[in-house]
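# Overview (structure and organization)
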Amino acid sequence: MTSMSRARVARRIAAGAAYGGGGLGLAGAAAVGLLLAEVRLARRHVGNGTDNHVPLANGLYGHVYETPGEPPLRLVMLGDSTAAGQGVHRAGQTPGALLASGLAAVAERPVRLRTVAVTGARSDDLDRQVALVLGDPDQPPDVCVIMIGANDVTHRMPPTRSVRHLSAAVRRLRTAGAEVVVGTCPDLGTIEPVQQPLRWLARRTSRQLAAAQTIGAVEQGGRTVSLGDLLGPEFEANPRELFGPDNYHPSAEGYATAAMAVLPTVCAALGLWPAEEERPDVSRREGFLPVARAAAEAASEAGTEVTAAMPTGPRGPWALLKRRRRRRVTEPRPAPVAPSTQGGPSA
């Protein structure tokens with residue numbers, strides 16, 4: 001599918017989400033029968049022999065930067081198992097811990113991490129997760145990272161419904177004063193046990209959803225980062241290195257790759273990224289585009305950021321598309337903390 005075609009589909013899905021339409025199904029009825037055997041085969045292999053344990057990573061990171069009278073930055077992870085960190089065994093290997101450690105180093109300020117993401121979550125669980133995040137008005141988050149969408153695709157949630165829930169979550173968090181970064185739906189067409197034609201359909205639908213998520217999130221004041229690398233071409237080339245033992249969730253190295261893609265955008269959202277890197281670089285094909293076009297391009301290239309720019313243009317709202325340089329994140333060593341009771345990840 002071309003970038004322009006994906007932009008048109010993304011606009012239709014986002015419009016359906018905004019106005020309550022049914023929109024497009026993730027799989028046409030005619031294809032369902034053909035794919036049932038492939039779905040059953042993939043489900044038998046994905047996750048075979050593994051459990052749903054997720055390390056609890058809540059706590060304070062960057063404690064060496066503690067300064068009396070200066071509170072830590074508050075980072076919250078929302079979404080599904082990829083946001084929680086399923087597939088690794090140590091808390092320091094989860095994306096939340098990696099992001100908290102990296103953010104603390106850039107800000108030279110401690111970061112308190114809270115994770116409300118849960119394994120198996122779909123976008124309709126974001127309503128509950130946001131309520132948890134905003135339940136304590138005395139501790140509002142500075143920045144929230146949402147990773148969601150893979151389970152929407154595998155459970156065939158209508159994409160308009162998926163985007164509607166995500167947009168509402170971004171709007172509520174932004175209204176509360178938090179910056180929001182959304183890691184859009186990863187490319188599910190590279191999960192190792194999935195064969196054709198399901199592989200092609202998974203790739204097509206996950207990229208369509210990623211583009212529509214971008215439109216919905218950006219229109220509510222959030223920023224997005226394409227997470228195609230999470231299960232994308234880089235993983236396809238190195239499945240043994242970048243996939244975890246269940247051949248579905250990322251390994252520690254895979255989560256580090258995703259964290260490197262998201263961290264610059266998290267820092268930029270908080271005004272912590274170098275000013276010279278905030279200007280679009282034409283040589284990197286960065287610039288201002290209609291939001292649907294920017295969303296479609298981002299869905300095709302992992303690590304691409306989209307953020308709101310001009311509120312209107314010849315073809316509706318415009319956005320800034322950036323391809324930020326990735327910077328390596330080292331595995332953090334969190335400060336000792338008491339066991340958290342604030343909605344940590346659960347299996």
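Everything here concerns the structure above.
None of the values given here were measured: they were computed from a predicted structure.

## Description of the pairing of strand β3 (residues 111-115)
In terms of burial, β3 is a largely internal element, four of the five residues being buried. Where strand β1 (residues 59-61) and β3 come together, three bridges link them in antiparallel fashion. The residue of β3 that forms the bridge with Y61 is V111.

## Let's talk about the side chain of T307
Relative to the assigned elements, T307 resides in strand β8 (residues 304-308). Apart from residues lying up to four places away in sequence, T307 is in contact with V218, G222, R223, A319 and L320.

## Quick notes on the nonpolar core
The biggest cluster of nonpolar side chains holds 35 residues, and the ones touching the most others in it are L75, L99, L103, V145 and V262. Those elements giving two or more residues to this core turn out to be β2 (73-79), α3 (81-84), α4 (95-107), β3, β4 (143-147) and α11 (252-269). A per-element tally of this core places α11 first, with ten residues. Beyond its immediate chain neighbours, meaning those up to four positions away, V145 contacts L75, V76, M77, L78, L99, V181, V262 and V266. Formed by 19 residues, the second largest nonpolar core is a distinct cluster that contains V133, I146, A169 and V180.

## Thoughts on the pairing of β8
Burial within β8 is extensive, with four of its five residues counted as buried. As paired strands, strand β6 (residues 223-225) and β8 are joined by three bridges and run antiparallel to one another. Paired with R223 across the two strands is T307, which belongs to β8. Of the strand pairs in this sheet, β8 and strand β9 (residues 318-323) are connected by five bridges, and their pairing is antiparallel. By the bridge assignment, E305 is partnered in β9 with K322.

## Focus on the pattern of salt bridges
As enumerated under the stated definition, the model contains eleven salt bridges in all. Where R174 meets E179, a salt bridge forms, and the shortest distance between an N and an O atom there is 3.7 Å. Residue class for R174 comes out partly exposed when judged on its relative accessible area of 28%. Judged by relative accessible area, which is 23%, E179 ranks as partly exposed. With its nearest N and O atoms 2.9 Å apart, the salt bridge here joins K322 to E286. Placement of K322 in strand β9 and of E286 in the loop between α11 and β7 (287-290) is noted, with a sequence separation of 36 residues between them.

## Thoughts on the sheet that holds β4
Within a sheet, each strand pairs with its neighbour through backbone hydrogen bonds, oriented either parallel or antiparallel. Strand order across the open sheet formed by nine strands is β1-β3-β2-β4-β5-β6-β8-β9-β7, with mixed pairing between neighbours. Strand pairing shows two members of the sheet lacking a second neighbour, β1 and β7, which therefore form its edges. Here the strands of the sheet are splayed against their neighbours by 25° on average, with no regard to which way each runs. Examined bridge by bridge, β4 and strand β5 (residues 179-183) share five bridges and lie parallel to one another. Within β5, the position partnered with I146 by the bridge is V182. The sheet contacts of helix α5 (residues 126-133) involve β2, β3 and β4, and relative to β2 the element is tilted by about 160°. Along the sheet face, helix α7 (residues 159-175) touches β2, β4 and β5 and points at about 155° away from the line of β5.

## A closer look at the side chain of T214
If you trace the backbone, T214 turns up in helix α8 (residues 198-219). By relative accessible area, which is 3% here, T214 ends up buried. Excluding anything up to four places from it in sequence, T214 contacts T184, T224, A295 and V306.

About the thresholds
- Residues numbered from 1 in each chain as written.
- Predicted model: local features only at pLDDT ≥ 70, side-chain atom pairs only at ≥ 80, totals over all residues.
- Heavy atoms only, no water.
- Buried < 20%, exposed > 50% of the residue type's maximum accessible area, 1.4 Å probe, protein only.
- Helix = DSSP H or I, 4+ residues; strand = E, 2+ residues; numbered from the N terminus.
- Pairing = 2+ DSSP bridges.
- Contact = heavy atoms within 4.5 Å.
- Core = buried A, V, L, I, M, F, W, Y, C linked by side-chain atoms within 4.5 Å.
- Salt bridge = Lys/Arg side-chain N within 4 Å of Asp/Glu carboxyl O.
- Axes fitted to C-alpha atoms, helices over the stretch in contact; angles between N-to-C directions.

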